[in-house]
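Residue strings, one per chain:
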Amino acid sequence: MPQLGLEFHLGLDGLSLPLVGLTALITLLSVAESSPEEPRGRLLYGLLLAADFGLTGAFLARNALLFVLAFEITLIPTTLLLAIWGGERRATAAIRYLMYGAVSGVALLAGVLALGLLNTNGFSFAYDDLAQVSLPPGSQRWIMGLLLLAFGLKMPVLPLHGWQPLAYSQASTPVAMQLSGVVSKLGAYGLLRFAVGMMGDTWAAWAPAIAVLGMVSALYGALNAIAQTDMRRLVAYSSLGHMGLLMLAISAASPLSLQGAMAQILAHGLITSLLFCLVGMIETRTGTTEIAGLSGLLNPCRGLPFTSGLFLLALMASAGVPGQAGFVAEMVIYQGSFTLYPIPTLGCLLASGLTAVYAVRLFNRVGFGRLDNALADYSRTSWQERVPALSLSMLVIVAGLWPNLLLGWSEGATASLALTHPSPSVLVAALPSAAVPQAAALLELS
Amino acid sequence: MANIIETAKGAGLFSTLLTAVEVAGLTGALESPGPFTVFAPVDDAFAALPPGTVQTLVQNPPQLARILKFHVISGAYSRSDLVDQPSWESLEGAMIPIRCAEPFEVKNTSVLSADIVCDNGIVHVINRVMLPG
Amino acid sequence: MTVLTSSAKALPPSTHPFAEVVERLEAGGSMLPDTPENLMQIIGIYKAYAVPMDFYWRDLLYIAEQVFLNPLPAFKYFPSQEYLDRPNSYQGDQAELRIWRGEAGAHPELLEFMEKGEIGKLPKLLHHLWHDRINMEFAEACMDAMLWHQGMGGRFNDYLDSEVYRQNADKAIKAYFKGNPLMLGLYKLFPEMLLEQVKKLSYVANLGLFWEVMAPVFFEMSDIYDEGGFSGVPAAMDFLVNGIFAVAGRPIYHQVFIRGECFEIIPKSEGFTWLYEAALPYVEAVFYRTAPFRGTKSYNAQAGQVPSEQSEFHYGILYADVFPVGSAGIPPTLLMQDMLHFLPPYLTELYLQHKRGEDDILVQLGITFQRSMYNVTSAVIQALRAALLFPLDDPDPEHLKANRAFFESQMDRFIRPEARLRDVQTEHYR
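Quantities reported herein were computed from a predicted structural model and do not represent experimental measurements.

(A) Focus on the overall build of chain C. For chain C, the count of helices and strands is 17 helices and two strands. The C-alpha atoms of chain C give 22 Å as radius of gyration, which agrees with the globular expectation for 430 residues (22 Å, within 12%). Taken along the three principal axes of its C-alpha coordinates, chain C extends 70 × 55 × 50 Å. For chain C, the proportion of its 430 residues judged to be buried stands at 60%. Put simply, chain C shows about 17,700 Å² of open surface, and 56% of that area lies on carbon and sulfur atoms. Positive and negative charge centroids in chain C, built from 37 and 55 side chains respectively, lie 5 Å apart.

(B) Just the overall build of chain A, in detail. For chain A, the helix and strand inventory stands at 19 helices and zero strands. Considering only C-alpha atoms, chain A reaches an extent of 70 × 45 × 35 Å along its principal axes. Buried residues in chain A amount to 60% of all 446 residues. Long-range contacts, defined as pairs at least 24 residues apart, comprise 80% of the intrachain contacts of chain A with a sequence gap of at least 6. Working note: accessible area of chain A is about 16,300 Å², and carbon and sulfur atoms make up 69% of it.

(C) How the structure looks around the interface of chain A and chain C. The interface is formed by 14 residues belonging to chain A together with 13 residues belonging to chain C. Taken together, both faces of the contact between chain A and chain C bury some 1,100 Å²; the carbon and sulfur share is 42%. Contact with chain C buries surface across chain A, with Cys-301, Arg-302 and Asn-373 of chain A losing the most and accounting together for 55% of the total. Scanning the region where chain A abuts chain C turns up two salt bridges. Between Arg-302 of chain A and Asp-360 of chain C there is a salt bridge whose closest N-O contact spans 2.6 Å. Applying the counting criterion to the chain A and chain C interface returns six residue pairs in polar contact (both at pLDDT 80 or more). Classifying every residue of the side of chain A that touches chain C gives five nonpolar, four polar and five charged.

(D) Structural context of the packing of helix α8 (residues 173-198) of chain A against helix α11 (residues 255-286) of chain A. Residue and element names in this part refer to chain A. Viewed as axis vectors pointing N to C, α8 and α11 meet at an angle of 165 degrees, and their least axial separation amounts to 7 Å. Classed by the angle they form, the pair α8 and α11 counts as roughly antiparallel. The handedness of the crossing between α8 and α11 is right-handed. Residues Thr-173, Ala-176, Met-177, Ser-180, Gly-181, Lys-185, Ala-188 and Leu-192 of α8 form the contact with α11, whose own contacting residues are Leu-258, Met-262, Ile-265, His-268, Gly-269, Thr-272, Ser-273, Phe-276, Cys-277 and Gly-280. Each residue belonging to the contact of α8 with α11 can be placed in one class, and the counts come to nine nonpolar, eight polar and one charged.

(E) Spatial organisation of the packing of helix α9 (residues 200-227) of chain A against helix α10 (residues 231-252) of chain A. Residue and element names in this part refer to chain A. Viewed as axis vectors pointing N to C, α9 and α10 meet at an angle of 160 degrees, and their least axial separation amounts to 7 Å. With respect to α10, the axis of α9 lies roughly antiparallel. In this structure, the crossing between α9 and α10 has a hand that is left-handed. Of the residues in α10, those touching α9 at Trp-203, Ala-207, Ile-210, Ala-211, Gly-214, Ser-217, Ala-218, Tyr-220, Gly-221, Asn-224 and Ala-225 are Leu-234, Tyr-237, Ser-238, Leu-240, Gly-241, Gly-244, Leu-245, Met-247, Leu-248, Ile-250 and Ser-251.

(F) Here's a closer look at the pattern of salt bridges. Residues and elements named next belong to chain C. Under the definition given, this model contains 36 salt bridges over all chains. Notably, a salt bridge pairs Lys-174 with Asp-170, separated by 3.0 Å at the nearest N-O pair. Pair noted here: Lys-174 and Asp-170 are both in helix α8 (residues 163-176), with a separation of four residues, about one helical turn. Among the residues examined, Lys-174 registers a relative accessible area of 42% and is labelled partly exposed. On the basis of relative accessible area, Asp-170 is assigned to the partly exposed category, the value being 23%. Taking the shortest distance from any N to any O, the salt bridge between Asp-423 and Arg-420 comes out at 3.5 Å.

(G) Representation of a nonpolar patch on the surface. Residues Phe-75, Ile-119, Leu-122, Leu-125, Leu-126, Leu-129 and Trp-130 of chain C make up a contiguous nonpolar surface patch of roughly 760 Å² in combined accessible area. Along the chain, Leu-122 of chain C falls in the loop between α4 (108-116) and α5 (124-129).

(H) A look at α8 of chain A. Over its 26 residues, α8 of chain A runs 36 Å from end to end, which matches the ideal 38 Å to within 8%, given 1.5 Å per residue. At Leu-179 of chain A, α8 of chain A shows its largest bend, some 35 degrees.

(I) Seen up close, the interface of chain C and chain B. Residue-level contacts link 29 residues of chain C with 26 residues of chain B. Roughly 2,100 Å² is buried in total at the junction of chain C and chain B, and carbon and sulfur atoms are behind 53% of that figure. Applying the counting criterion to the chain C and chain B interface returns three salt bridges. For the salt bridge of Glu-277 of chain C with Arg-66 of chain B, the shortest nitrogen-to-oxygen distance reads 2.8 Å. Between the two partners, chain C and chain B, sit 14 residue pairs in polar contact (both at pLDDT 80 or more). When contributions to the side of chain C that touches chain B are tallied by element, the ones reaching two or more residues are α11 (233-247), α12 (274-289), α15 (361-388) and α16 (397-412) of chain C.

(J) Main features of the pairing of strand β4 (residues 95-100) of chain B. Residue and element names in this part refer to chain B. Looking at chain direction, strand β3 (residues 87-89) and β4 are connected through three bridges and run antiparallel. Looking at the pairing, Trp-88 lines up with Ile-96 of β4. Hairpin connection from β3 to β4: five residues lie between these consecutive antiparallel strands, with Gly-93 at a positive phi of about 120 degrees. Sheet topology note: the β4/strand β5 (residues 105-106) ladder contains two bridges and is antiparallel. Its bridge partner being in β5, Ile-98 is matched across the sheet by Val-106.

(K) Region of the structure containing the pairing of strand β1 (residues 254-258) of chain C. Residues and elements named next belong to chain C. Burial analysis of β1 places four of its five residues in the buried class, which makes it a mostly covered element. With five bridges joining them, β1 and strand β2 (residues 261-266) adopt antiparallel strand pairing. Looking across to β2, one finds that Val-256 is bridged to Phe-263. What sits between the antiparallel neighbours β1 and β2 is a turn of two residues, in which Arg-259 has the positive phi angle 50 degrees.

(L) A look at the environment of Ser-273 of chain A. Residues and elements named next belong to chain A. Residue placement: Ser-273 occurs in helix α11. Taking the C-alpha atoms as reference points, Ser-273 and Ala-317, separated by 44 residues in sequence, lie 12 Å from one another. Setting aside chain neighbours within four positions, we find Ser-273 in contact with Ile-26, Met-177, Ser-180, Gly-181, His-268 and Leu-392.

(M) A look at the confidence of the model for chain C. Per-residue confidence for chain C gives a mean pLDDT of 91; residues scoring 70 or more make up 96%. This prediction of the complex comes with two scores: 0.83 for pTM and 0.93 for ipTM.

(N) Quick peek at the sheet that holds β5 of chain B. Pairing is mixed in the open sheet, where seven strands are placed in the order β2-β1-β7-β6-β5-β4-β3 (chain B). Single-partner strands in this sheet number two, and they are β2 (72-74) and β3 of chain B.

(O) Highlighting unusual backbone geometry. Note that the residue after Gly-34 of chain B, namely Pro-35 of chain B, is joined by a cis bond; omega there is -5 degrees. A cis geometry characterises the amide bond from Glu-102 of chain B onward to Pro-103 of chain B, with omega recorded as -5 degrees. Among the secondary structure elements, Pro-103 of chain B is positioned in the loop between β4 and β5. We note that Asp-115 of chain B has phi near 55 degrees; this positive angle belongs to a residue other than glycine. When you line up the elements, Asp-115 of chain B lands in strand β6 (residues 109-118). In this structure, Arg-259 of chain C takes a positive phi of about 50 degrees despite not being glycine. Assessed through its relative accessible area of 60%, Arg-259 of chain C is described here as exposed.

Definitions and cut-offs
Residues numbered from 1 in each chain as written. Chains lettered and ligands numbered in written order. Predicted model: local features only at pLDDT ≥ 70, side-chain atom pairs only at ≥ 80, totals over all residues. Heavy atoms only, no water. Helix = DSSP H or I, 4+ residues; strand = E, 2+ residues; numbered from the N terminus. Rg over C-alpha atoms; globule rule 2.2 N^0.38 Å. Buried < 20%, exposed > 50% of the residue type's maximum accessible area, 1.4 Å probe, protein only. Areas by Shrake-Rupley, 256 points an atom, 1.4 Å probe, with all protein chains shown as cover. Lys, Arg positive; Asp, Glu negative; His and termini not counted. Charge placed at Lys NZ, Arg CZ, Asp CG, Glu CD. Contact = heavy atoms within 4.5 Å. Buried area = accessible area lost by both parts, 1.4 Å probe. Salt bridge = Lys/Arg side-chain N within 4 Å of Asp/Glu carboxyl O. Polar contact = N/O pair within 3.5 Å; in protein donor to acceptor, adjacent residues only side chain to side chain. Nonpolar A, V, L, I, M, F, W, Y, C, P; charged D, E, K, R; others polar. Axes fitted to C-alpha atoms, helices over the stretch in contact; angles between N-to-C directions. Parallel < 35°, antiparallel > 145°, perpendicular 65-115°, else oblique. Left-handed = near helix turned anticlockwise from the far one by under 90°. Patch = residues over 30% accessible without salt bridge, like charges linked within 9 Å, V, L, I, M, F, W, Y side chains within 5 Å. Expected span 1.5 Å × (residues − 1). Bend = angle between axes of the 7 residues up to and from the residue. Pairing = 2+ DSSP bridges. pLDDT = per-residue confidence, 0-100.

Written as structure tokens, this is what we have:
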């Protein structure tokens with residue numbers, strides 16, 4: 001609809017390619033993970049694929065309105081997926097998710113419309129045109145605010161994370177895999193594409209605060225994860241923590257940190273999906289995800305040695321142990337962000353250390369120790385059941401040993417996206433919106 | 001009066017016991033002046049033991065002697081003497097507890113007939129074979 | 001001893017936490033419930049246990065009598081043909097008290113396993129190096145348990161500290177090392193060291209003589225069961241009780257053959273009996289106490305995680321968590337692997353149908369073994385009751401009260417949470 005500026009224009013670049021790949025992979029594996037005897041199997045697969053459709057559309061869009069359309073389309077199937085399958089409180093979780101998601105969608109729509117309509121260079125929603133968007137002085141602030149709201153709700157980051165722990169923990173395994181693995185990346189991608197890509201100068205001005213937000217989010221996620229008694233909630237908070245790290249990377253917006261952000265997107269997508277997949281497998285067999293109710297799963301005779309072994313691997317990856325994907329991402333992020341925002345980086349480093357705490361605590365209780373013979377009345381996982389977890393684990397290891405798998409896709413794109421920041425003291429003085437033209441003069445979009 | 005061995009022979013109830021004493025080589029000891037207090041199990045007591053028990057013991061005199069010595073206290077004590085103390089040291093070394101005065105019970109046996117006085121001691125007839133422990 | 005109900009009802013019901021078990025014992029039963037599956041399990045595992053036991057006792061006596069103080073006993077697990085052929089005093093035509101109807105020498109299944117093992121027909125040394133053999137380490141661990149716990153009743157341990165024993169041992173040591181100035185010099189410098197070794201070997205002989213009896217008992221039980229001769233678990237237990245009494249008087253001794261000459265370190269004339277000096281200490285040391293196994297779990301002794309009193313130790317088979325942690329070298333795991341080779345077909349079939357079938361067959365048979373040892377312990381308890389207390393059908397209530405007090409004091413040892421008495425009452429404990 002040319003009058004609306006809505007063009008069906010799809011394309012791939014370095015940013016979207018890995019994300020599209022991730023979406024496809026996670027959707028495939030989440031379908032594989034679902035039980036073959038699922039009573040409403042066809043509905044489940046249909047909804048998963050519909051969500052996949054929306055997500056892929058969002059990543060492939062080259063038109064901002066198209067992006068918004070796809071963004072909204074994603075909301076419906078994911079809400080239904082949450083509502084129909086999952087834990088006891090899934091209705092609450094779904095409603096909350098829907099509400100937050102609706103707000104996010106509205107904010108996004110408003111922000112994108114503003115971007116397109118207020119663009120002094122002419123009315124267009126195409127990415128190529130929006131790349132050189134020039135906005136009137138007063139509007140940049142609130143447009144950025146809207147975009148931040150929209151994408152921050154999706155990722156999520158503090159303080160917009162209210163829906164996340166409940167949703168992730170109540171979702172059934174395939175849904176959790178998709179939600180945590182891909183849908184959250186929609187937020188990050190949006191930030192990269194819109195906030196950093198199109199409103200780079202404003203982003204640079206806001207970045208110090210956002211970096212602190214990322215740090216707080218990371219610490220909050222990690223600390224909460226340590227306190228959890230349920231495995232699903234623990235993984236949910238862990239995911240939140242990692243998203244904070246991602247926020248830090250995006251806020252720093254240096255070439256290296258953006259590469260790290262892409263790596264983290266991929267790595268976290270793989271690792272969190274893997275964690276939810278394994279927790280799901282454990283629940284299918286043992287019937288519980290309560291940490292207190294499990295022990296000694298590594299027992300070779302009557303436990304789940306294979307699943308627990310992969311679980312250990314996944315937890316190590318989440319904690320950032322070298323040799324796995326998580327380390328690559330974190331390493332690059334820290335290197336990229338440290339010079340710009342040393343304190344937030346240190347805070348996130350601390351959060352990374354804390355991930356090791358909850359990983360060890362969790363596995364110590366669940367994997368090691370003595371298996372209670374009275375409760376150990378379940379069978380081994382079959383090879384068919386192990387395929388999703390196994391493939392994700394192998395990818396995690398390969399990515400850890402061959403970082404190019406994570407970083408190689410998006411080098412060019414992130415380099416072009418990166419912002420050069422003025423020194424912090426200049427930024428502090430330059431924050432008032434009236435100074436935006438001066439900031440624009442100071443900055444160069446390379 | 002007869003000595004312990006002769007008294008036992010005369011009673012006609014102790015053929016197994018006497019054979020055992022003979023095999024264990026304790027006949028001479030029980031014919032000696034002593035004096036001794038002997039708790040003598042009747043033949044039915046030995047018969048009540050599971051099959052093979054007596055046979056194994058009879059084939060091993062030292063072990064048999066140990067069991068038999070558990071039935072003997074050094075010194076001659078009548079029933080009234082015995083009930084004054086909760087337990088008595090046997091020749092084997094282990095203690096023989098006096099379980100009850102009325103009816104007269106020693107360890108896990110009932111005394112069928114007490115205070116049979118002999119030349120070299122007193123015999124009390126019991127209804128079970130006693131084992132140390 | 002028949003199963004009775006009338007006299008047991010003469011007393012009011014027991015108030016013990018294990019009241020049901022106490023009343024079952026008072027009626028002539030076992031701690032293990034009387035079900036056909038229980039009977040099948042325990043008899044099957046007795047037979048699987050008896051075949052390696054046949055090897056254990058022969059090799060133990062070989063070590064105690066022949067290998068003796070060899071400082072480098074590399075081949076102590078290779079008993080000579082003489083010991084493999086040595087007639088068991090309770091089986092075979094020559095036995096004076098024939099418990100088992102079979103032949104006197106080593107069991108044919110044992111010989112077959114020794115030849116073929118799991119990997120096929122190979123020279124003995126290769127089997128040994130591949131560890132495809134009977135795990136004698138288990139027998140030695142049992143001996144170590146008895147040695148370490150020492151004062152558990154009987155005269156054996158005190159005798160080992162006596163002057164007579166020291167003199168006997170001295171003679172044997174000097175004869176063994178005749179012409180070996182190094183070892184004799186060592187003996188002069190450290191007399192206690194070699195004496196300690198001889199004490200250990202006396203315990204080895206003790207254990208060997210103990211198991212020499214138990215093997216034919218178990219074989220016979222298996223044969224009777226195959227003929228359908230056991231009406232239930234109490235009948236099997238009664239057979240054990242009778243066996244215990246029949247052999248109670250067997251002498252325990254230690255004799256050593258040095259260059260053809262026999263040295264009696266513990267002569268038969270000392271009067272040590274199988275019941276008091278071997279069986280009861282063995283049950284106490286191996287069934288109840290034992291010791292925590294190295295390499296499975298860390299215990300903080302300062303935090304009191306290991307009892308300070310030896311009598312409080314509770315690491316025996318009756319308290320065992322039968323999950324094999326998978327580490328090699330833990331004595332029960334060694335025994336389980338031995339038993340695995342000789343399982344009767346009906347037992348293998350049972351295991352394949354439950355839990356994880358072949359994958360966790362070791363755990364399943366370990367739990368069966370635990371059940372069977374509860375039965376053996378019940379037999380020991382009933383035998384002690386018969387020997388030291390009153391018949392089950394005694395008319396005197398005072399006597400019955402004494403019996404009950406005895407049973408309850410025995411059951412008190414199983415109140416602690418590690419005891420498996422509660423678990424073996426149920427069928428789903430596998």
